[in-house]
Amino acid sequence: KSKYETIDVLINNASVYKRQRVVTVDGFEEMFAANHLGPFLLTNLVLEKLQTAVQVNGSARVLNITEPSTVPLNFDDLHSEKKFSSLNAFGATKMANLLFTFELARQLENTGITVNAIHPGLARSGLMKESSFLLRLFTRLASAPPEKVTGAILQAATAPEFEKTTGKFLHNGKEIDAPAYAHDRTAQQRLWEMSERLSGLEATQGETPINDPHLK
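All figures in this text were calculated on a predicted structure; none of them were measured in a lab.

Reading guide: rules and limits
- Residues numbered from 1 in each chain as written.
- Predicted model: local features only at pLDDT ≥ 70, side-chain atom pairs only at ≥ 80, totals over all residues.
- Heavy atoms only, no water.
- Salt bridge = Lys/Arg side-chain N within 4 Å of Asp/Glu carboxyl O.
- Helix = DSSP H or I, 4+ residues; strand = E, 2+ residues; numbered from the N terminus.
- Buried < 20%, exposed > 50% of the residue type's maximum accessible area, 1.4 Å probe, protein only.
- Pairing = 2+ DSSP bridges.
- Right-handed = clockwise from strand over helix to strand, strands pointing away.
- Expected span 1.5 Å × (residues − 1).
- Contact = heavy atoms within 4.5 Å.
- Polar contact = N/O pair within 3.5 Å; in protein donor to acceptor, adjacent residues only side chain to side chain.
- Core = buried A, V, L, I, M, F, W, Y, C linked by side-chain atoms within 4.5 Å.
- Axes fitted to C-alpha atoms, helices over the stretch in contact; angles between N-to-C directions.
- Parallel < 35°, antiparallel > 145°, perpendicular 65-115°, else oblique.
- Left-handed = near helix turned anticlockwise from the far one by under 90°.

Caption draft 1: Structural view of the pattern of salt bridges. Under the criterion given, the structure shown has three salt bridges. The partner of Glu-103 in a salt bridge is Arg-106, and the shortest N-O contact between them spans 2.7 Å. With Glu-103 and Arg-106 both in helix H3 (residues 86-107) and three residues apart, this pair spans about one turn of that helix. Given the relative accessible area of 27%, Arg-106 is considered partly exposed. One salt bridge in this structure joins Lys-168 and Glu-175, with 3.9 Å as the shortest N-O distance. Under the relative-accessibility criterion, Lys-168 is labelled partly exposed at 29%. Glu-175 gets classed as exposed once you look at its relative accessible area, which sits at 51%.

Caption draft 2: Local environment of the pairing of strand S3 (residues 113-118). Counting buried residues in S3 gives six out of six residues, a clear majority hidden from the surface. Taking every second residue as pointing to the same face, both faces of S3 are buried, with Ile-113, Val-115 and Ala-117 on one and Thr-114, Asn-116 and Ile-118 on the other. In terms of strand pairing, strand S2 (residues 60-65) meets S3 through six bridges, oriented parallel. Bridged to Val-62 within S3 is Val-115. On the question of chirality, the crossover connecting S2 to the parallel S3 by way of H3 is right-handed.

Caption draft 3: Structural detail: helix H6 (residues 185-199). Over its 15 residues, H6 runs 21 Å from end to end, which matches the ideal 21 Å to within 8%, given 1.5 Å per residue. For H6, the set of buried residues is Ala-187, Gln-188, Leu-191, Trp-192, Met-194, Ser-195 and Ser-199. Of the surrounding elements, those touching the buried residues of H6 are helix H1 (30-45) and H3. Capping the start of H6 is the job of one residue whose side-chain oxygen sits 2.9 Å from the backbone nitrogen of Thr-186: Asp-184. Gly-200 sits one or two positions beyond H6 and adopts a positive phi of about 80°.

Caption draft 4: The arrangement of the nonpolar core in detail. Residues Leu-73, Phe-75 and Leu-98 are the most contacted members of the largest nonpolar core, which totals 21 residues. Among the secondary structure elements, those contributing two or more residues to this core are H1, H3 and H6. Among all residues touching Leu-98, those that are not within four sequence positions of it are Thr-66, Glu-67, Ser-69, Ala-117, Phe-169, Pro-179 and Ala-182. Among the nonpolar cores identified, the runner-up in size contains 18 residues, and Phe-40, Val-62, Ile-113 and Leu-201 belong to it.

Caption draft 5: Region of the structure containing the packing of H1 against H6. Two elements in contact, H1 and H6, have axes whose closest approach is 10 Å; the angle formed by their N-to-C orientations is 85°. Looking at the two axes, H1 sits roughly perpendicular to H6. Contacts between H1 and H6 involve Phe-32, His-36, Leu-37, Phe-40, Leu-41 and Asn-44 from the former and Leu-191, Trp-192, Ser-195, Glu-196, Leu-198 and Ser-199 from the latter.

Caption draft 6: Expanded view of the packing of H1 against H3. Relative to each other, H1 and H3 sit at 15°, their axes nearing to 8 Å. The angle between the axes of H1 and H3 places the two elements in the roughly parallel class. The crossing of H1 and H3 is right-handed. In this structure, H1 contributes Met-31, Phe-32, Asn-35, His-36, Pro-39, Phe-40 and Thr-43 to the contact, and H3 contributes Ser-86, Ala-89, Phe-90, Thr-93, Lys-94, Ala-96, Asn-97, Phe-100 and Leu-104.

Caption draft 7: Geometry of the environment of Glu-5. Along the chain, the position of Glu-5 falls in the segment before strand S1 (9-12). By relative accessible area, which is 62% here, Glu-5 ends up exposed. Beyond its immediate chain neighbours, meaning those up to four positions away, Glu-5 contacts Lys-49 and Thr-52.

Just distances and angles here, no functional claims.
This is the structure:
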């Protein structure tokens, strides 16, 4: 925030996969913390800079990189304390990305800030380095070079035809259907409220809250 006067595009692309349950210093399950809570908090904290970009350039964009996960969230065990399955926990974070995207897009409707989720496809990276050998082999064979999958992300981030597109799930420059659960308004709002509390956003002083009426 101190470095940039405006933020025209925010791409939330951080993601981790852990084979064993790992807890952060804050007491959160690491995949949930890195894959969802981090992007949730960052986006809220730089919202003012995105709004400034709208005032200067007419628009700003938020892109959440995720996948079409079908794993529903267990709100009674978001940190997998009662039961941990690495692939299930990872899938839940990808669903959280979708729920967050659609709720954020609704909250920022008519503000000039657009919010979309992008499924880039499998890219060769170290993301699944802790997975089983067979899963690593499969993902390696099915993955494309990072340079190839970034094209669609850059298109959504910069192309004029996407300037007004918001609340969508995109793949290769086209809208795709998100799993039905991702459109559950109750789940979206419940995740938002819990994320506010867990991330400490409710207690943040001197920040512009995302539901500030001045942004509408």
